[in-house]
Every structure is written in C-alpha cells, then in structure tokens.
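Analysis of the macromolecular model
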Amino acid sequence: MKLPVLNAEDFKQRRAKLAKKMGKNSVAIIATRAEMLRNGDADYKYRAESSFYYLTGFAEPEAVAVLSTDNTGKLDYILFCRERNRDMEIWNGYRAGLAGAVEDYHADQAFAITDLDQEILQFIQNKDKLYYRFGKDHAFDHKVTTWCKALYDQHRQGVHAAKSIIPLDSILDEMRVIKSKKELDLMRAAAKISAKAHLYAMQKIRPNMMEYQLEAEINYIFGQYGCVPSYNSIVGGGANGCILHYVENNQALKSGDLVLIDAGCEYQHYAGDITRTFPVNGKFTAEQKAVYEVVLNAELAAIEQVKLGNHYRKPHETTVKILTEGLIDLGLLKGELNELIETEKYRQFFMHGTGHWLGMDVHDVGDYKNDAGEWRAYENNMVVTIEPGLYIAPDDMTVDEKWRGIGIRIEDDIVVRGDNPENMTVDAIKTIADIEYFMAEHTCKS
Ligand code: GLY
Ligand code: MN
Ligand code: MN
C-alpha cells in the first residue's frame, strides 16, 4: 500500500491561507496539547492538538505557534518550542529545538517555550484582531488574559491590546471541514488500513475468544502501518453491542452471538472510523439477519444522500425513516410510521445520530448548522460518517425474547463528491452474503 505524507510546504500553505482569512494587522495564538500523566511517572503516548498540528506539522509537546500579519498582510510565523537539551533528549527523545523549528518547520523565528511570557508580547501588541479560542485550556486562557493585561498596562506608552478578540476556530474549523486533495489521500489511507483490520478480525475470530483478544488482532494491523487507534475500540459481543460506548472489551465471544466492532486507525493524524457487526461463528441467525438487513438498507440509502444539494441531516432523516419502517415490519414497534417518527418512538432502538464530520478529530470540527440555524448544505470534499444502528436491550420486555440483546451498527466514511458519494471504507465487506462467504472461506476454525 503506497502511503502518502504531508511535507513542510503543505503546512506552510495552510498557514498562508489562514493568514489571508485573518486579515491585516492581526495575530493568532495556538498552543498544542499538554502531556497527560497516565500513572506515576508514565504519560499517555503524546498526540499533538489537531489544529496546532494542522498549521505546523509539529508533533512535540510544549509548543505555541503565533501567526502575525502586518499592515500589508505579510505573515510572520513564530514557533515557541523546547530547546535542545542533551540530557533530556537521552531520557525522552529527540527535540527539533529552535534551529530545527526554523530549518525543518519553516518558522520565521523560534523562541524557547520557557521565554514565552516575555517574548510573545512583541508579537501580539498593537494588533487590530487577536484570534484565540478561549475555553479549551483554562491554564493557557489565563496566560492569554495575563498578556492582554500586560499590554493594557502599557497604554500610556502607546501600546494597546487587540481591539477585538475572535475565536480562531471560527475560521480554522471551516478550513478543516473541507479536505484538500492531499488530506483526502491521508484519509483514504486511514480508511483502507482500518478496513483491513476489520477484515482481519473477521478472519481471526473464533467462539470463546475474549473480546480483548479480537481487539488485539485489530491493533496488530494498525501497528503494521505505524498507526494507533483513533479512539478506544469497541469490541462488543452479544448484548455488549447494545452499549454504545462499550470499551471494556473483557467478555468472552459466544457462538450464536454477533460481535460489534467500532474501530478505526489514525494515520498521520487523520482518523478512520468503521463499524462492522458480524456473527462470532460466521453464520447469522434468522433474527440477526432480519435486523441486520434493516440497518444495512438504512445505511446504504443514507450514503446515497451524502451529496450536493442535500443538507447535513438528510442522511439521518433517511435512516430514521427506513429503520422505523423496519421496526414496524419486524413487529418491534406498533403504530403509524409518521407518528412513530414524530414522537421519536424509534429512539427505543436507535438513540444516536447518523454520523459526524471526520478528519483529524474523529468527531471533527466544523459547524453542523448555518448562521440561520438550519442544517448546513454539503460541499465537495467534506467527509462524514454514516452509522445507523439498532440496539435491542437485553432487558427490553416490550419485545419478544428472540430479539433481545441484538445490537447492530454499520459505519462507513464518506466523501462528498458531487452526486456521487465516495465510500472510502468500502473494502470492509458488509452484506450478509459477503460476510458469510468470507468467513466460511477465511476464518480460523481451530
Ligand atoms: N467511533 C466513534 C463514533 O463512531 O462516533
Ligand atoms: Mn463515528
Ligand atoms: Mn465509530
């Protein structure tokens, strides 16, 4: 598989595009995410903040980017980062340092992160607009307000703080929600590796295996491509498939049950997000088949709605209609279709939305509604997940016993492309015939 990568020029172009949107005599401040302790002295594996990485390509912790435009609109990019330190690098790994920030990451100037408070003031003073997103990190918010106060305090020297403060996300998120050609290539890679992992899980599953063992098979494929899971994988056998965010993954998989796997990898900071549901022993029961067909029909129809001319919510409206019709046909809901939809009776079995934007964040940035409060229209190169499901709780006494504990979700990653949605995760098979055939041919029997 040929794996694409971004280079320093790609990040530079993003900064230039942002600078244009910021306008003249403006400044943006964006910090990466803090490291997080897992236990004792051990951190969680570090992952940069998505928007920071989007603009810098810089994956080290303890870094702040300042993008400053002058009165002509010319951009100055300043990166605050850790200095090189032989002792620290022996313990904790390589650092680009200030020279690396300039040479490898194309910063116009670089400063030590320890000098942030003193050095940043020169770049943020006397600007018309400050772009900063308050509310993500209280400690950093406090720093920004302290810098603003330091500038207010100098007003008798002719220094002023920005006349307006604008959430950076208001322009940056709109850039991120429309993917570039290169970003789509990265997302296709994430999607393909994720799909490969699902197929591998279908091959490796066997009755009485533990859910975490199946999760390990998924992680094995992610690891072969240098990827990590883009979120905690859900591997739920039987009724565990009805728990929407089930991540314990610590039960045995039983013959006769389905397993629901919601797992995707992160490739070069871009996420895949796939759900497949299949029988532990390779054969669907009649009830599982019946519910599965309803979910699959809803999913296929919803994918068709991811196109220009439709608004974001159209696929959800489609899944709600098809799922509710299916629930009536199966005898799980009683009543008239439109009334069951209006009164949201279907929520007994389908209680979540049909998808979300997908990108560097699994639930990616970007507004879902426009300024008028209406669902926004699809635009080319947006990426959205389509993920309907039906979940019949094991203790739901309103339905016949034979249905209880069936949990099914099917999820794919779709690019808006005119009239013709591109399913990036199509390699992960999903029809009943394909799954049963594939598992009969490939699944370990031992
Ligand atoms: N895996 C998270 C989601 O499907 O939204
Ligand atoms: Mn999803
Ligand atoms: Mn998912």
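This text gives an overview of the structure that appears in the document. (Residues numbered from 1 in each chain as written. Chains lettered and ligands numbered in written order. Predicted model: local features only at pLDDT ≥ 70, side-chain atom pairs only at ≥ 80, totals over all residues. Heavy atoms only, no water.)

1. Side note on the coordination of the manganese ion (ligand 3)
- Every protein donor of the manganese ion (ligand 3) is accounted for by Asp262 (OD), Asp262 (OD), Asp273 (OD) and Glu411 (OE), and the metal-donor separations fall at 2.0 to 2.5 Å.
- For the manganese ion (ligand 3), the six donor atoms are set out with angles of 56 to 170° between them, so the coordination reads as irregular.
- Written as a sequence motif, the donor residues of the manganese ion (ligand 3) are D-x10-D-x137-E.
- A separation of 3.3 Å is found between the manganese ion (ligand 3) and the manganese ion (ligand 2), both of which receive a donor from aspartate 273. Here the residue aspartate 273 occupies a position in the loop between β13 (270-271) and β14 (274-279), and glutamate 411 occupies one in the loop between β17 (407-409) and β18 (412-415), the gap between them amounting to 138 residues. We note that aspartate 273, like glutamate 411, is buried. (Donors = N, O, S within 2.8 Å, 3.2 Å for Na, K, Ca; no water. Tetrahedral: all angles 85-135°; square planar, octahedral: opposite > 155°, others 65-115°. Helix = DSSP H or I, 4+ residues; strand = E, 2+ residues; numbered from the N terminus. Buried < 20%, exposed > 50% of the residue type's maximum accessible area, 1.4 Å probe, protein only.)

2. A few points about the pairing of strand β10 (residues 234-237)
- Neither face of β10 is left uncovered, since the one carrying Ile234 and Gly236 and the one carrying Val235 and Gly237 both have all their residues buried.
- Relative to strand β11 (residues 258-263), β10 is paired through four bridges, and the arrangement is antiparallel. By the bridge assignment, isoleucine 234 is partnered in β11 with aspartate 262. (Pairing = 2+ DSSP bridges.)

3. Focus on the site of ligand 1
- Taken together, Tyr231, Asp262, Asp273, His356, His363, Glu387 and Glu411 make up the full set of residues adjacent to ligand 1.
- At 3.2 Å from an oxygen atom of ligand 1 is found a side-chain nitrogen or oxygen belonging to aspartate 273.
- Between ligand 1 and the protein, one listed contact pairs an oxygen atom with a side-chain N or O atom of glutamate 411 at 3.2 Å.
- A total of 190 Å² of accessible area belongs to ligand 1 in isolation, and the protein chains cover 84% of it.
- Residues that form the shell around ligand 1 fall into these classes: one nonpolar, two polar and four charged. (Near = heavy atom within 4 Å. Polar contact = N/O pair within 3.5 Å; in protein donor to acceptor, adjacent residues only side chain to side chain. Areas by Shrake-Rupley, 256 points an atom, 1.4 Å probe, with all protein chains shown as cover. Nonpolar A, V, L, I, M, F, W, Y, C, P; charged D, E, K, R; others polar.)

4. A word on the nonpolar core
- Formed by 93 residues in total, the largest nonpolar core has its most connected members in Leu18, Ile205, Leu214, Val259, Ile261, Phe278 and Leu390.
- With residues near it in sequence (within four places) discarded, leucine 214 still touches Ala201, Ile205, Met209, Val235, Leu253, Val259 and Ile261. (Core = buried A, V, L, I, M, F, W, Y, C linked by side-chain atoms within 4.5 Å. Contact = heavy atoms within 4.5 Å.)

5. Considering the state of the cysteines
- Overall, the coordinates contain zero disulfides when judged by the stated rule.
- No disulfide involves cysteine 227; its sulfur sits 3.9 Å from that of cysteine 265, the nearest cysteine.
- On the accessibility criterion, cysteine 227 (7% relative accessible area) is buried. (Disulfide = S-S within 2.5 Å.)

6. Some points on the coordination of the manganese ion (ligand 2)
- Looking at the manganese ion (ligand 2), the protein donor atoms are Asp273 (OD), His356 (NE2), Glu387 (OE) and Glu411 (OE), and they sit 2.0 to 2.2 Å from it.
- Coordination at the manganese ion (ligand 2) comes from six donor atoms whose angles at the metal span 49 to 156°, giving a geometry best classed as irregular.
- Going along the chain, you hit the donors of the manganese ion (ligand 2) in the pattern D-x82-H-x30-E-x23-E.
- With a relative accessible area of 3%, aspartate 273 lands in the buried category.

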